[in-house]
Structures are given as structure tokens and as C-alpha cells.
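Topology and contacts: notes
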Amino acid sequence: MQERSVNNHKTGKKQSFESGKAGLSMNHLADFIAKHPLPAPQSFRKLQLFLGKVCNHSCSFCPHDAKPQSADFMRYDVVHQVAALIERENFGEVTLKGGAPELTPYFRWLVRQIRERSPHTRMVMHTHVTSMKDPGYRDSIPNFLKENQIELVVHVPTIQEEEMDLLRGKGAFKTFRSVIRYFNRLGYGVNSELPIRLVYSHRQHPGQLTLQEKMKSWSTQMGLKLSSFEEKMLAPVGRMQTCLSQNGQESSHFQDLFAHLGQHGEVKMPCQESVTIDWEGNVFNCENHLSVKDGRINYRLFHLNDWSKSQLDRVRIQPALHCLSCMACFKN
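If you're wondering where the values come from, they're calculated on a predicted model, not measured in any experiment. (Residues numbered from 1 in each chain as written. Predicted model: local features only at pLDDT ≥ 70, side-chain atom pairs only at ≥ 80, totals over all residues. Heavy atoms only, no water.)

**Regarding the overall build of the protein**
Going by this rule: The helix and strand labels rest on DSSP assignments: H or I over at least four residues marks a helix, E over at least two residues marks a strand, and numbering proceeds from the N terminus. Per-residue accessibility, obtained with a 1.4 Å probe over protein chains only, is compared with the maximum for each type, and a residue is labelled buried under 20%, exposed over 50%, and partly exposed between these values. For this analysis, residues touch if any pair of their heavy atoms sits within 4.5 Å. Using a 1.4 Å probe, accessible areas were evaluated by the Shrake-Rupley method; residue-level cover was limited to the displayed protein chains.
Secondary structure summary: the protein contains 11 helices and 11 strands in total. Taken over 332 residues, the protein has a buried fraction of 53%. Considering only contacts within the protein whose residues lie at least 6 apart along the sequence, 72% involve residues at least 24 apart. For the protein, the exposed surface amounts to about 15,500 Å²; the carbon and sulfur share of it is 46%.

This is the structure in C-alpha cells:
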């Protein structure tokens, strides 16, 4: 097995990286976790709902294998259970994810239920916004989101027009720009109570690039009003993992992640204060755990039917190799 070395940005020492099967690098991750332990969650005041894999895109690098006409979406019985749970637990924040959560069949019903049962809960939706390209749909969904005071996190794979069209289909960039401008007219990105955050979800670590400055300058040139700019490494799970493997980039990708590990204890990892419920009602530490294709490890914590304080008290964060994507993002 070939070994490569990467520099530890904290100590300057080289660390070996096994470039064979990705699973063998778990030893390296375990060593890092031992030196920078992830504390057990103290409370779960945030809930992430992965509403399913329905999406208007089928990107080759999608960590969750999302696609149009997907049969994997949250059905009524689970939606009803989730709404009751949110009313009972009084979460401080509920995040809606997918796929494209706005395309799932019970999306509006769920949002209305959350607002009626827990009116003060902060609601956030992750979206690509390109699903709102048709005029009727573009008008109805943004207004519905504003009416229910849902904050937006918009993910883009690039800020280059040609590249976005190549990755998401012809006209994707113009659709993205026009929909964001429509949200701006509704007050998103202008009103502090209606933030719209742009997240550059990339496949390669940008290194020393002043990415946020570039994104801010780019949005100004496009005439877009955005509240903040962030970056996120795509987790090497789902089609992203397949894409890396087929292109012979899996080894170099993990090597890059190891090279950019940060002192993540200084920034809260999402799994330290939230849990994720998938479309079938299964509970996980994070959304990426549910897309792992390695059948050797079961990351499922328990089912929604078994939700209880005693179950939550037993929850411990389950480190996995794909957790490096978060740790690299939290680099100091």
C-alpha cells in the first residue's frame, strides 16, 4: 500500500496518509479525535429534517444521491410524527434539508404545522433555488417562505456562470440569479429578519483564496443582496464518494482534508447540538451519516418512534471519515 505524507498545520510535523481503501484511514481519524475529542452533546435544541432525495438536479457530486422523481421523501405519517415532536420538544431551531426540500409533497403542510404548533421556533431551509424557475412556482414558494419567516441558505457549486451551467444544466446560472433577485424584492437579504446566506459547496479546499471576499464582490457585480457568505466542503459520501473513486481522486481528496484539519473544538460542530431525522423517521448524528454506502457501520441512532430522554442521554457523536469535511471547514 502506498503512503503519502501531509503537513500538520498545527505542529508542522508530517503525518502519513494511507492512499489505499478509505476505510483504512479511520486509524488516522481516530488518532486526531483522541487528541481533539468531540464532547458529548449537552442538549439537542436544534433539529435537522432531511425531507428526502427529491431534487430538480441530479449532480454527479451530490452527497445524497438526490434526483428528480425520487421515491425517497417524507410521507404523511412521518411528517405528522415530526410535527408532534417539534410541538412537544419546543426546539429552538428547525432546519429543512434535501435534495430540494421545497419539492417534497408534504413540505407546505409541515411548515404550516411547525408554525402553528411552535410559532417562535427559528426555521431555516437549505435550497438551490433553481427549482423555482417556473413563474408560477417562483411566485408561490418565495412568498410562502416569507409568510412563514423561513431563513434561507442557498448552496452553489461555483460562482462562475459557464461552470454552473455545465454542472447543473443550461440556464442554471440565470435562473439562480433571477430567483435571488426575486427574493431580494420580497425583502430577503435586505430585512435582517429575512436573511439569505450563500454557501459555496465545493469539492476542493480553496487553500489561501480569499473566497468570501470574492463571493461578496461577485454578488455585488450581479446586483444580488446576500446576508453572508460561507464555504462548505462536500462530504465524501453518496455520489460524491462514487465520483471521487471513479476519477481516482479519493486518496488526494482525503489527503487534502487531513492537511486542512483545524482545532474544531473552538467552533461547534453541527452534531454537537443537533440531530437529524431522515424521511423514514430514522435519527442520526448528522445528515451525512445517512448517505454512507459503507455497510460495515450502522450510524442510525434510533427511530423516531423510540424518541425519549433516555435515548437522547445515550447519544454520543459517532466520528466517521467523512466528518473531515466539517473539520476542514472549521480550520482556524
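That was the structure; now back to the text.
**Regarding the packing of aromatic side chains**
Put simply, the rule is: Aromatic contacts are taken between Phe, Tyr and Trp rings whose centres are within 6.5 Å, Trp giving its six-membered ring; a plane angle under 30 degrees counts as stacked, one over 60 as edge-to-face, and the others as tilted. Either the NZ atom of lysine or the CZ atom of arginine qualifies as a charge over a ring when it sits within 6 Å of the ring centre and within 35 degrees of the ring normal.
On inspection of all chains with the given rule, the structure shows 10 aromatic pairs. Measuring from centroid to centroid gives 6.0 Å for F176 and W218, while their planes differ by 15 degrees, and the two rings are stacked. Taken together, the residues span a long stretch of sequence, with F176 in helix α6 (residues 172–186) and W218 in helix α7 (residues 211–222) at a distance of 42 residues. For the pair formed by F176 and W218, the shared burial category is buried. Cluster of aromatic residues (ring-pair linked, three or more members): Y76, Y106 and W109. When the ring centre of F144 is taken as reference, the NZ or CZ atom of R108 above it lies at 5.4 Å.

**Digging into the nonpolar core**
Considering soluble globular proteins, one finds that nonpolar side chains tend to be buried as a cluster. Note the threshold: Nine residue types can take part in a nonpolar core, namely buried Ala, Val, Leu, Ile, Met, Phe, Trp, Tyr and Cys, and a core is a set of them joined through side-chain atoms within 4.5 Å.
Ranked by size, the top nonpolar core spans 77 residues in total, and within it L49, L96, L145, F176 and W307 carry the most contacts. Among the elements that take part in this core, α6 stands out by supplying 8 residues, more than any other. In this structure F176 touches V129, T130, V154, V156, M164, L198, W218 and L224, once residues within four positions along its chain are discounted. Grouped together as the second largest cluster of nonpolar side chains are 9 residues, C55, F61, A66 and L244 included.

**Focus on the packing of helix α2 (residues 76–89) against helix α3 (residues 107–117)**
Angle between the axes and distance between the axes are the two parameters that describe a pair of packed helices. Note the threshold: Fitted lines through C-alpha atoms serve as axes, helices being fitted only where they are in contact, and the angles separating the N-to-C directions of these axes extend from 0 to 180 degrees. When an angle is under 35 degrees it counts as roughly parallel; over 145 it counts as roughly antiparallel; between 65 and 115 it counts as roughly perpendicular; any other value is oblique. Crossing chirality is assigned from the near helix's rotation relative to the far helix, an anticlockwise turn below a right angle marking it left-handed and a clockwise turn marking it right-handed.
Orientation of α2 relative to α3, taken along the N-to-C sense of each, is 20 degrees, at an axis distance of 9 Å. Considered as vectors, α2 and α3 are oriented roughly parallel to each other. In this structure, α2 meets α3 at a crossing whose hand is right-handed. Across the interface between the two elements, Y76, V79, H80, V82, A83, A84, I86 and E87 from α2 touch W109, L110, Q113, I114 and R117 from α3.

**Overview of the pairing of strand β9 (residues 274–277)**
Applied cut-off: A strand pair is defined by DSSP finding two or more bridges across the two strands.
Of the two faces of β9, the one holding S274 and T276 and the one holding V275 and I277 are both buried throughout. Pairing geometry for β9 and strand β10 (residues 282–284), over 2 bridges, is antiparallel. Counterpart to T276 in the pairing with β10 is F284. Between β9 and β10, which follow one another and run antiparallel, lie 4 residues, and G281 among them has a positive phi close to 95 degrees.

**Considerations on empty space enclosed by the protein**
The criterion, for reference: Cavities and pockets are defined on a 1 Å grid built over the protein atoms alone: a cavity is a set of grid points where a 1.4 Å probe fits but cannot escape, while a pocket is an open set with protein on both sides within 12 Å along at least five of seven lines, and lining residues are those with an atom within 4 Å of any such point. Grid points are joined across faces, edges and corners, and a volume is the space filled by probe spheres set on the points. For this scheme, ten residues count as nonpolar: Ala, Val, Leu, Ile, Met, Phe, Trp, Tyr, Cys and Pro. Four count as charged, namely Asp, Glu, Lys and Arg, and the remainder, Gly too, count as polar.
Applying the stated criterion to the full structure yields 4 cavities of 30 Å³ or more. Computed from the structure, the largest cavity encloses a volume of approximately 410 Å³. Of all the secondary structure elements, the ones that give two or more residues to the lining of the largest cavity are β5 (122–127) and β6 (150–156). In terms of residue class, the lining of the largest cavity is made up of 9 nonpolar, 11 polar and 4 charged.

**Section: the environment of V94**
You can see V94 is positioned in strand β4 (residues 93–97). With 27 residues separating them in the primary sequence, V94 and T121 have C-alpha atoms 7.0 Å apart. Filtering out sequence-adjacent residues up to four positions away, V94 remains in contact with L47, L49, I86, I114, T121, R122, M123 and V124.

**Quick notes on the pattern of salt bridges**
The following threshold applies: Criterion for a salt bridge: a side-chain nitrogen of Lys or Arg within 4 Å of a carboxyl oxygen of Asp or Glu.
A complete count under the given rule lists 7 salt bridges for this structure. Between E87 and R117 there is a salt bridge whose closest N-O contact spans 3.3 Å. With a gap of 30 residues between them, E87 in helix α2 and R117 in helix α3 connect regions that are remote in the sequence. When its relative accessible area of 44% is taken as the criterion, E87 is described as partly exposed. Taking the shortest distance from any N to any O, the salt bridge between D313 and K309 comes out at 2.9 Å. Here the residue D313 and the residue K309 both occupy positions in helix α10 (residues 309–313), the gap between them amounting to 4 residues, near one helical turn.

**Brief notes about unusual backbone geometry**
Its identity as a non-glycine residue notwithstanding, Q69 has a phi of 55 degrees, on the positive side. Relative to the elements of secondary structure, Q69 occurs in the loop between β3 (46–50) and α2. The phi dihedral of Q149 falls on the positive side, at around 50 degrees, and the residue is not glycine. Here Q149 is to be found in the loop between α4 (135–147) and β6.

**Considering the environment of V78**
When you line up the elements, V78 lands in helix α2. Given the relative accessible area of 7%, V78 is considered buried. In this structure, the C-alpha to C-alpha distance between V78 and I277, residues 199 residues apart in sequence, is 9.8 Å. Contacts of V78, omitting those with residues within four sequence positions, involve D278, W279, E280, G281 and L304.

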